[in-house]
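If you want the building blocks of each chain, they are given just below.
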Amino acid sequence: MEPPRSCDTFVALPPATVGNRIIFGKNSDRPSDEVQEIVYFPGRSYEPGEKLECTYIEIEQAEKTHSVVLSRPSWLWGAEMGANEFGVCIGNEAVWGKEEIDDKEALLGMDLVRLGLERAETAEGALDVIIGLLGKYGQGGNCMESPMSFTYHNSFLIADRKEAWILETAGEYWAAEKVDEGMKNISNNLSITTKIDREHPAMREYARTKGWWDGKKEFNFAAVYSYFNPSRSSSSGDRFCEGYKLLRKHKGNITAATMMEILSDKPSGINMEGGFMTTGSMVSILPQDPNQPCCHFFTGTPDPARLAHW
């Protein structure tokens, strides 16, 4: 099998979009022999003290969960991407950096995607859910069903009808950037630089004690916590740049069809082929008018370019 390379996630907000809508999109890139299923779970209430069995560990269940539609590898509890009844959408990416990855089983990034969707009504609310669970339970565990070890830290792109947030992690530490307008994409590299709207309270001091930051220069999260390792990141930098170019090409005219076209693009590497390939895709339309419904498109199959109409 080719080295794992993982995914790309995109969001476009007015004035980059048409019709006062937010457009969200993601390709889930996974082993070519893995089944990605589209599933719906209705919201429900739970008794105090109930437990929840995630992919590897048991955690406390919430008193109430929201209805969610998910695209997920069939073998695990969490999800690569999805949306909830309030129009919150989340996708995650594998990222690596200077902070070592703990091999112990904890919450997968994909578990955190589903938990954020089940427990939050807004994008920032989902951010709060994810960082709270990250602090309490940690992240870790093999992200492949096969014996081949594939472990990583996670970044997340979270959107709702009003705004989007990028959340990037390095072990227990994290930084978040709010997106009010324009376009953003994430790939398998840390991308938050000096615009940090929320952060782990000990993130900077930890970096200083490790010798990654002198405490004097302007703090740049990606520069401080990243390292370049081609065997891990494998062209993610190229995909990150190419993805932004494709968004910029359509700036001001981005629609759901535009996002589908971007996710179908093979020359950029965003639509992956081979042993590690695009196995599922998602595009969501999130109208800023609360009286209009959100609309979500899923392929549930490899290679979105094969689908003339989603």
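Above this text you will find the structure in question.
Source: prediction; values computed, not measured.

**Digging into the packing of helix H1 (residues 109-119) against helix H2 (residues 123-137)**
Okay, so step 1: Relative orientation of the contacting elements H1 and H2 amounts to 130°, with a least axis distance of 8 Å. When the axis of H1 is compared with that of H2, the two are oblique. Note that H1 runs across H2; the crossing there is right-handed. Facing Leu112, Leu115, Gly116 and Arg119 of H1, the residues of H2 in contact are Ala126, Val129, Ile130 and Leu133.
Okay, so step 2: Partitioning the contact of H1 with H2 into residue classes produces 6 nonpolar, 1 polar and 1 charged.

**Topic: empty space enclosed by the protein**
Okay, so step 1: Applying the stated criterion across every chain, the model contains 1 cavity of 30 Å³ or more.
Okay, so step 2: The volume enclosed by the largest cavity comes to roughly 30 Å³.
Okay, so step 3: Leu107, Leu108, Gly109, Gly140, Gly141, Cys143, Tyr152 and Asn154 together form the lining of the largest cavity.

**Quick look at the pairing of strand E8 (residues 68-73)**
Okay, so step 1: With 5 of its 6 residues buried, E8 lies for the most part within the structure.
Okay, so step 2: Relative to E8, strand E3 (residues 36-41) is paired through 6 bridges, and the arrangement is antiparallel. Counterpart to Phe41 in the pairing with E8 is Val68.
Okay, so step 3: Here E8 pairs with strand E9 (residues 81-84) via 4 bridges, running antiparallel. For Ser71, the partnering residue across the bridge sits in E9 and is Met81.

**Here we look at the pattern of salt bridges**
Okay, so step 1: Under the defined criterion, the tally for this structure stands at 17 salt bridges.
Okay, so step 2: Residue Lys136 is joined to Glu60 by a salt bridge in which the shortest nitrogen-to-oxygen separation is 3.4 Å. Here Lys136, found in helix H2, pairs with Glu60, found in strand E6 (residues 58-60); they are 76 residues apart in sequence, far enough to count as distant.
Okay, so step 3: Judged by its relative accessible area of 42%, Glu60 falls in the partly exposed class.
Okay, so step 4: Several salt bridges converge on common partners, so that one network encompasses Glu124, Asp128 and Arg198.

What counts and how
Residues numbered from 1 in each chain as written. Predicted model: local features only at pLDDT ≥ 70, side-chain atom pairs only at ≥ 80, totals over all residues. Heavy atoms only, no water. Axes fitted to C-alpha atoms, helices over the stretch in contact; angles between N-to-C directions. Helix = DSSP H or I, 4+ residues; strand = E, 2+ residues; numbered from the N terminus. Parallel < 35°, antiparallel > 145°, perpendicular 65-115°, else oblique. Left-handed = near helix turned anticlockwise from the far one by under 90°. Contact = heavy atoms within 4.5 Å. Nonpolar A, V, L, I, M, F, W, Y, C, P; charged D, E, K, R; others polar. 1 Å grid on protein atoms, 1.4 Å probe; cavity = no way out; pocket = protein on both sides within 12 Å on 5 of 7 lines; lining within 4 Å. Points joined across faces, edges and corners; volume = space filled by probe spheres on them. Buried < 20%, exposed > 50% of the residue type's maximum accessible area, 1.4 Å probe, protein only. Pairing = 2+ DSSP bridges. Salt bridge = Lys/Arg side-chain N within 4 Å of Asp/Glu carboxyl O.

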